[in-house]
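# Observations on chain architecture
Spelled out, the chains give:
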Amino acid sequence: LSLALIVSMVSVAVPAAAQDTAMRIKIGEKAPDFRLKDVMTGKTVTLSEFAGKKIVMLEFWATWCDICVREMPGLVKLYDGWKGKGFELLSIVLPSGNVDDIRKIVRKHKVNYGVLLDADLSVATKSYGLAGPIPLKVVIDSKGIVRYTHVGDYPPGEDELPFVLEDLLKE
């Protein structure tokens, strides 16, 4: 086998979860708590309110991120399928434009999970140390431990989130 062929085989075999999320918090570490307002309801939401009760996925995104907006229907479908099984999805919007722009996108895509505004980037950059690309998914188990991260979208037919959730709910 040629070196080029071996290198291409190895790079294909690297799972999506192994991508660098450019986030300070790593898998196996405690997820930092936060307190943010939902842009649709005005309600304050904390991560700690789900501790011991639910698996939580954080979705960091921005209005200018085409991939982020394009994957919303899939996230709504994921949430609809798992919300009754001990799963909560919270999207954390990075400041981009005004709140009306965020609300317009959320309504258009019929988002039915929490949409929290990180107006000063304190959660994204200070608490989680996000310094890289979005969308970023962070799955946190019911004990508050980061168990999975993924940056970007998924190739068609290769979404691994249902398998991750299924495994965590069995624990």
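Rules used in this analysis
- Residues numbered from 1 in each chain as written.
- Predicted model: local features only at pLDDT ≥ 70, side-chain atom pairs only at ≥ 80, totals over all residues.
- Heavy atoms only, no water.
- Pairing = 2+ DSSP bridges.
- Helix = DSSP H or I, 4+ residues; strand = E, 2+ residues; numbered from the N terminus.
- Axes fitted to C-alpha atoms, helices over the stretch in contact; angles between N-to-C directions.
- Contact = heavy atoms within 4.5 Å.
- Buried < 20%, exposed > 50% of the residue type's maximum accessible area, 1.4 Å probe, protein only.
- Arc of directions from axis to C-beta.

## Digging into the sheet that holds strand E6 (residues 136-140)
Strand order in the open sheet formed by seven strands is E2-E1-E5-E4-E3-E6-E7, with mixed pairing between adjacent strands. At either margin of the open sheet sits one strand with a lone partner, and together these are strand E2 (44-46) and strand E7 (146-151). Averaged over all neighbouring strand pairs, the angle between strand axes comes to 30 degrees, with direction disregarded. Summarising the sheet, E6 and E7 pair through five bridges and their orientation is antiparallel. Note on E7: the bridge partner recorded for Leu136 is Val151. Running over the sheet, helix H3 (residues 72-82) touches strand E3 (55-61), strand E4 (87-93) and E6 and is turned about 155 degrees from E4. In this fold helix H6 (residues 161-170) packs onto E3, E4, E6 and E7, with an angle of close to 15 degrees to the strand it touches most, E6.

## Quick word on the side chain of His109
Within the secondary structure, His109 is located in the loop between helix H4 (99-108) and strand E5 (114-117). Here His109 falls in the buried class, since its relative accessible area comes to 18%. Once residues lying within four places of it in the same chain are set aside, the contact partners of His109 are Val69, Met72, Pro73 and Val76.

## Some points on H3
Restricting attention to buried positions, one finds in H3 the residues Met72, Leu75, Val76, Leu78, Tyr79 and Trp82. The arc enclosing the buried residues of H3, seen along the axis, measures out at 160 degrees, which places them on a common side. Buried positions along H3 lie against E3, helix H2 (66-70), E4, H4, E6 and H6.

Keep in mind that these numbers describe shape and distance, not what the molecule does.
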